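Survey of secondary and tertiary structure
The chain contents come next:
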Amino acid sequence: MPCADVTVSNCVLHSPCQGIRIGVGSGVIQRCVFENIVIRQSLCGISIVSHYSERLSGPGTTMRDIRFANMIIEADQPLHVSTGVAGTAAMQDIHFSGIDIIGGPSFLGGSVTNPMRRVVLHDVNVRLTNPGLPDGQVFDDDFPAYPPWTFHRAAASAGVCVSDIADVSIEHLRLHWDEASGVRQYGLVARRIKRLSLVNVNGGTPPADADIDQAVVRCIECDNVSMRGCVAGPDTRRFAALRGAGRQPVRMVGNDLTAAREPWAGDTEVMDAGNLT
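1. A closer look at the nonpolar core
Across soluble globular proteins, nonpolar side chains show a tendency to be buried alongside one another. Core analysis: the biggest nonpolar cluster contains 59 residues, and Ile46, Ile48, Phe68, Phe96 and Met227 have the highest contact counts within it. With residues near it in sequence (within four places) discarded, Met227 still touches Leu198, Val217, Cys219, Phe239, Ala240, Leu242, Val250, Arg251, Met252, Val253 and Asn255. If you look at the next biggest cluster of nonpolar residues, it comprises 10 residues, including Phe107, Phe143, Ala158 and Val189.

What follows is the structure, encoded as structure tokens:
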């Protein structure tokens with residue numbers, strides 16, 4: 001029997017490991033709602049991992065229709081959502097809305113052979129407080145499907161990273177960059193996403209000492225990308241860094257990028273319509 005139709009609400013949580021952990025072993029988890037929850041001073045806020053270890057037999061945990069709403073998360077890694085190590089079980093329809101994030105980088109991703117499907121981030125505030133990368137280091141575009149920086153107290157080289165997912169919708173995402181040591185390069189990294197929609201993303205004010213390749217949004221080999229109603233904060237060096245052309249041009253429509261020194265750059269064709277630059 002699947003674990004299904006579960007609701008969790010009105011909790012204050014703290015853990016030296018994960019505040020909320022979903023998906024250990026095998027089976028099916030579906031139609032679950034977590035709402036009105038505060039997670040404080042935790043290593044990881046929400047961990048949803050289908051196949052967490054190579055030692056785990058079987059395909060992992062199938063997960064679908066998991067929703068999180070109205071939450072405050074203070075953690076070194078606020079969100080860790082992954083199909084895991086060599087997992088083949090499906091993960092789809094994961095929704096976050098009304099989330100305040102404080103801490104380090106968040107990761108949501110599948111793999112080339114087992115992509116996640118349909119992920120939504122709506123009305124999310126991200127406040128980066130963890131240190132950035134050491135001087136001289138840069139974000140690695142070719143990180144593995146289960147990246148090592150998803151563990152422990154990772155450097156906040158990027159605020160949110162989504163990878164290997166079909167259908168990602170990110171709307172009303174606001175980035176806040178607290179002063180900290182090291183280099184912060186990207187607010188949002190998207191890699192190998194099919195059908196990526198960014199609406200009303202506010203890049204905030206990146207740190208003044210950001211790396212020369214700093215950008216609010218970094219797209220790597222994404223296909224069918226649209227950015228609408230996004231805003232570049234004061235002193236933004238570049239709003240969008242685009243690598244790897246998809247089958248369609250990136251659609252930039254009605255964005256206010258006047259505060260960016262460079263609105264976008266890269267080797268991807270861009271359809272420019274009604275943008276302020």
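2. Concerning unusual backbone geometry
The phi angle at Asp167 is positive, at roughly 80 degrees, despite the residue not being glycine. The topology assignment puts Asp167 in strand E8 (residues 158-177). Even without a glycine there, the phi angle at Asn224 is positive, about 60 degrees. With respect to the helices and strands, Asn224 occurs in strand E11 (residues 223-228).

3. Here's the deal with the pairing of strand E13 (residues 250-253)
Of the two faces of E13, the one lined by Val250 and Met252 is fully buried and the one lined by Arg251 and Val253 carries no buried residue. The sheet contact formed by E11 and E13 spans three bridges and is parallel. Within E13, the position partnered with Arg228 by the bridge is Val253. Inspection of the sheet shows E13 paired to strand E15 (residues 270-273) by four bridges, in the parallel sense. Along E15, the bridge assignment pairs Val250 with Val270.

4. Here we look at the pairing of strand E9 (residues 186-199)
Most of E9 is tucked away, with 11 of its 14 residues classed as buried. As paired strands, E8 and E9 are joined by 11 bridges and run parallel to one another. Paired with Ile165 across the bridge in E9 is Ile193. Bridging between E9 and strand E10 (residues 215-220) involves five bridges; their strand directions are parallel. Bridging from a neighbouring strand, Leu188 pairs with Val217 of E10. In terms of strand pairing, E9 meets E11 through five bridges, oriented parallel. Residue pairing for E11: Val199 is matched across the bridge by Arg228.

5. Let's talk about the confidence of the model for the protein chain
Scored by pLDDT, the protein chain has a mean of 87; 88% of the residues are at 70 or more. Averaged pLDDT values over the elements of the protein chain bottom out at 91 in strand E12 (residues 236-243) and peak at 96 in strand E5 (residues 91-103).

Calculation rules
- Residues numbered from 1 in each chain as written.
- Predicted model: local features only at pLDDT ≥ 70, side-chain atom pairs only at ≥ 80, totals over all residues.
- Heavy atoms only, no water.
- Core = buried A, V, L, I, M, F, W, Y, C linked by side-chain atoms within 4.5 Å.
- Buried < 20%, exposed > 50% of the residue type's maximum accessible area, 1.4 Å probe, protein only.
- Contact = heavy atoms within 4.5 Å.
- Helix = DSSP H or I, 4+ residues; strand = E, 2+ residues; numbered from the N terminus.
- Pairing = 2+ DSSP bridges.
- pLDDT = per-residue confidence, 0-100.

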